[in-house]
Amino acid sequence: KYGRVIKVSENQSATSEEAYSHGDCIGMLFLNSPILQELEEKIEIIFIDVVDDDVSSLVAAMKIALEEKVDVVSISLGTYEDNSDLWNITQKLINNGTIVLSSSGSDATSQYLYPASYEGVISVTCVDANMRYMMFNNANDAISISVPGEKVQIDREGGVIEKTGSSASCAI
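Residues numbered from 1 in each chain as written. Predicted model: local features only at pLDDT ≥ 70, side-chain atom pairs only at ≥ 80, totals over all residues. Heavy atoms only, no water.

### Let's talk about the overall build of the protein
Item 1. Within the protein, the secondary structure is distributed over five helices and eight strands.
Item 2. In sequence order, the secondary structure elements of the protein are arranged as β-α-α-β-α-β-α-β-β-β-β-β-α.
Item 3. Buried residues in the protein amount to 40% of all 172 residues.
Item 4. The long-range fraction of contacts in the protein, counting pairs at least 24 apart against all pairs at least 6 apart in sequence, stands at 63%.
Item 5. Approximately 9800 Å² of the protein is accessible, and the part contributed by carbon and sulfur atoms is 50%. (Helix = DSSP H or I, 4+ residues; strand = E, 2+ residues; numbered from the N terminus. Buried < 20%, exposed > 50% of the residue type's maximum accessible area, 1.4 Å probe, protein only. Contact = heavy atoms within 4.5 Å. Areas by Shrake-Rupley, 256 points an atom, 1.4 Å probe, with all protein chains shown as cover.)

Structural data, given as C-alpha coordinates:
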(Lines give C-alpha, C1' and ligand atoms only; values in the text may rest on other atoms or scores of the structure.)
Protein backbone atom coordinates (compact mmCIF):
# COMPACT_ATOMS: atom_id res chain seq x y z
CA LYS A 1 0.00 0.00 0.00
CA TYR A 2 2.70 2.48 0.99
CA GLY A 3 5.75 1.50 -0.98
CA ARG A 4 8.31 -1.18 -1.53
CA VAL A 5 10.69 -3.29 0.49
CA ILE A 6 14.35 -3.65 -0.47
CA LYS A 7 16.30 -6.43 1.26
CA VAL A 8 19.97 -5.75 1.91
CA SER A 9 20.94 -9.39 2.57
CA GLU A 10 19.57 -12.79 3.36
CA ASN A 11 20.75 -14.10 6.73
CA GLN A 12 19.80 -17.74 7.03
CA SER A 13 20.45 -17.72 10.79
CA ALA A 14 17.73 -15.17 11.55
CA THR A 15 14.37 -16.78 12.17
CA SER A 16 11.24 -15.19 10.82
CA GLU A 17 10.13 -14.50 14.41
CA GLU A 18 13.40 -12.66 15.18
CA ALA A 19 13.10 -10.50 12.08
CA TYR A 20 9.40 -9.94 12.72
CA SER A 21 9.90 -9.02 16.34
CA HIS A 22 11.95 -5.90 15.64
CA GLY A 23 12.20 -4.71 12.06
CA ASP A 24 8.70 -5.60 10.93
CA CYS A 25 7.13 -4.31 14.15
CA ILE A 26 8.95 -1.00 13.87
CA GLY A 27 7.84 -0.81 10.23
CA MET A 28 4.21 -1.47 11.22
CA LEU A 29 4.46 1.15 13.94
CA PHE A 30 5.78 3.62 11.39
CA LEU A 31 3.01 2.81 8.91
CA ASN A 32 0.31 3.23 11.55
CA SER A 33 1.47 6.75 12.37
CA PRO A 34 -1.45 9.21 12.20
CA ILE A 35 0.74 11.63 10.25
CA LEU A 36 1.37 9.03 7.54
CA GLN A 37 -2.33 8.21 7.38
CA GLU A 38 -2.93 11.83 6.34
CA LEU A 39 -0.06 11.86 3.85
CA GLU A 40 -0.45 8.41 2.28
CA GLU A 41 -1.39 9.75 -1.16
CA LYS A 42 1.48 12.25 -1.24
CA ILE A 43 4.48 10.16 -0.21
CA GLU A 44 6.26 6.95 -1.07
CA ILE A 45 7.80 4.85 1.69
CA ILE A 46 10.71 2.55 1.01
CA PHE A 47 11.55 -0.04 3.65
CA ILE A 48 15.17 -1.12 3.43
CA ASP A 49 15.28 -4.39 5.33
CA VAL A 50 18.60 -4.79 7.17
CA VAL A 51 18.64 -8.51 7.95
CA ASP A 52 22.26 -9.01 9.02
CA ASP A 53 23.33 -7.56 12.34
CA ASP A 54 26.54 -5.88 11.22
CA VAL A 55 27.79 -2.45 10.25
CA SER A 56 28.30 -3.33 6.58
CA SER A 57 24.60 -4.20 6.19
CA LEU A 58 23.58 -0.89 7.75
CA VAL A 59 26.00 0.98 5.47
CA ALA A 60 24.61 -0.91 2.44
CA ALA A 61 21.06 0.05 3.43
CA MET A 62 22.02 3.69 3.82
CA LYS A 63 23.70 3.62 0.38
CA ILE A 64 20.41 2.43 -1.09
CA ALA A 65 18.65 5.33 0.65
CA LEU A 66 21.20 7.71 -0.88
CA GLU A 67 20.72 6.22 -4.37
CA GLU A 68 16.94 6.43 -4.00
CA LYS A 69 17.29 10.13 -3.01
CA VAL A 70 15.03 9.76 0.01
CA ASP A 71 14.03 12.81 2.05
CA VAL A 72 13.99 11.13 5.46
CA VAL A 73 15.81 8.10 6.86
CA SER A 74 14.58 6.57 10.14
CA ILE A 75 17.00 4.04 11.65
CA SER A 76 15.90 1.91 14.60
CA LEU A 77 19.20 0.15 15.12
CA GLY A 78 22.82 1.03 15.55
CA THR A 79 26.31 0.00 16.59
CA TYR A 80 28.74 1.05 19.29
CA GLU A 81 31.50 0.90 16.66
CA ASP A 82 32.41 4.34 15.32
CA ASN A 83 32.94 3.13 11.77
CA SER A 84 34.39 5.36 9.03
CA ASP A 85 32.14 3.86 6.31
CA LEU A 86 29.06 4.47 8.47
CA TRP A 87 30.20 8.04 9.21
CA ASN A 88 30.87 8.71 5.49
CA ILE A 89 27.48 7.48 4.26
CA THR A 90 25.70 9.32 7.07
CA GLN A 91 27.44 12.55 6.11
CA LYS A 92 26.63 12.03 2.43
CA LEU A 93 22.94 11.64 3.25
CA ILE A 94 22.94 14.75 5.45
CA ASN A 95 24.91 16.78 2.88
CA ASN A 96 22.34 15.79 0.23
CA GLY A 97 19.57 17.24 2.40
CA THR A 98 18.27 13.97 3.85
CA ILE A 99 16.94 14.16 7.39
CA VAL A 100 18.48 11.29 9.35
CA LEU A 101 16.81 10.09 12.56
CA SER A 102 18.25 7.25 14.61
CA SER A 103 17.39 5.57 17.88
CA SER A 104 19.86 6.40 20.65
CA GLY A 105 19.80 2.92 22.20
CA SER A 106 18.20 1.19 25.15
CA ASP A 107 21.19 -0.43 26.85
CA ALA A 108 21.47 1.83 29.93
CA THR A 109 24.92 3.09 28.98
CA SER A 110 26.59 6.42 28.30
CA GLN A 111 28.34 4.93 25.26
CA TYR A 112 27.62 6.53 21.92
CA LEU A 113 25.47 4.52 19.52
CA TYR A 114 26.06 5.16 15.82
CA PRO A 115 24.76 6.60 13.56
CA ALA A 116 22.60 8.29 16.26
CA SER A 117 25.62 10.01 17.80
CA TYR A 118 27.01 11.53 14.61
CA GLU A 119 26.70 15.29 14.22
CA GLY A 120 23.69 16.19 12.11
CA VAL A 121 21.69 13.06 13.03
CA ILE A 122 18.53 13.50 15.11
CA SER A 123 19.16 11.09 17.98
CA VAL A 124 15.86 9.89 19.48
CA THR A 125 15.46 8.59 23.02
CA CYS A 126 12.46 7.18 24.87
CA VAL A 127 10.28 8.64 27.62
CA ASP A 128 7.19 7.20 29.26
CA ALA A 129 3.63 8.47 28.86
CA ASN A 130 4.30 11.10 31.56
CA MET A 131 7.41 12.31 29.70
CA ARG A 132 9.72 10.77 32.31
CA TYR A 133 13.13 9.45 31.31
CA MET A 134 13.29 5.64 31.04
CA MET A 135 16.03 4.03 33.15
CA PHE A 136 17.20 1.71 30.33
CA ASN A 137 17.92 4.61 27.96
CA ASN A 138 21.40 5.34 26.75
CA ALA A 139 22.36 8.74 28.13
CA ASN A 140 24.91 11.02 26.51
CA ASP A 141 25.25 14.50 25.02
CA ALA A 142 24.36 13.37 21.48
CA ILE A 143 20.65 12.88 22.19
CA SER A 144 18.47 15.38 20.32
CA ILE A 145 14.87 14.61 21.26
CA SER A 146 12.77 12.52 23.65
CA VAL A 147 9.62 10.83 22.33
CA PRO A 148 7.13 8.59 24.17
CA GLY A 149 8.04 4.97 23.52
CA GLU A 150 6.77 2.92 26.45
CA LYS A 151 4.45 0.00 25.77
CA VAL A 152 3.64 1.18 22.26
CA GLN A 153 0.97 -1.12 20.88
CA ILE A 154 1.46 -2.62 17.44
CA ASP A 155 -1.23 -4.56 15.60
CA ARG A 156 0.05 -7.64 13.83
CA GLU A 157 -1.35 -10.90 12.58
CA GLY A 158 -2.36 -12.91 15.62
CA GLY A 159 -2.88 -9.96 17.94
CA VAL A 160 -1.36 -6.89 19.46
CA ILE A 161 2.18 -6.73 20.81
CA GLU A 162 3.95 -4.01 22.76
CA LYS A 163 7.35 -2.48 22.12
CA THR A 164 9.25 -0.22 24.47
CA GLY A 165 12.44 1.69 23.75
CA SER A 166 14.17 4.17 21.53
CA SER A 167 13.47 2.09 18.39
CA ALA A 168 9.74 2.52 18.97
CA SER A 169 10.24 6.22 19.77
CA CYS A 170 12.22 6.74 16.57
CA ALA A 171 9.44 5.21 14.48
CA ILE A 172 6.81 7.43 16.04
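### As for the pattern of salt bridges
Item 1. Inspection of the entire model under this criterion finds one salt bridge.
Item 2. Note that Asp 128 is salt-bridged to Arg 132, the shortest N-O span being 3.0 Å. (Salt bridge = Lys/Arg side-chain N within 4 Å of Asp/Glu carboxyl O.)

### Considerations on the packing of aromatic side chains
Item 1. According to the stated counting rule, one finds one aromatic pair in the structure shown.
Item 2. A centroid spacing of 4.7 Å and a plane angle of 40° characterise the contact between Tyr 114 and Tyr 118, whose relative ring orientation is tilted. Here Tyr 114 and Tyr 118 have matching classes, each one buried. (Phe/Tyr/Trp six-rings, centres within 6.5 Å; stacked < 30°, edge-to-face > 60°.)

### Re the confidence of the model for the protein
Item 1. In this model, the protein carries an average pLDDT of 77, and 70% of its residues clear a pLDDT of 70 or more.
Item 2. Summarising per-element confidence for the protein, the mean pLDDT is lowest in strand β1 (residues 3-7) (49) and highest in helix α4 (residues 84-95) (97).
Item 3. Under a pLDDT of 50 for its full length, residues 1-5 has, in the predicted model, 16 contacts with residues more than four places off or in other chains.
Item 4. Under a pLDDT of 50 for its full length, residues 9-20 has, in the predicted model, 15 contacts with residues more than four places off or in other chains. (pLDDT = per-residue confidence, 0-100.)

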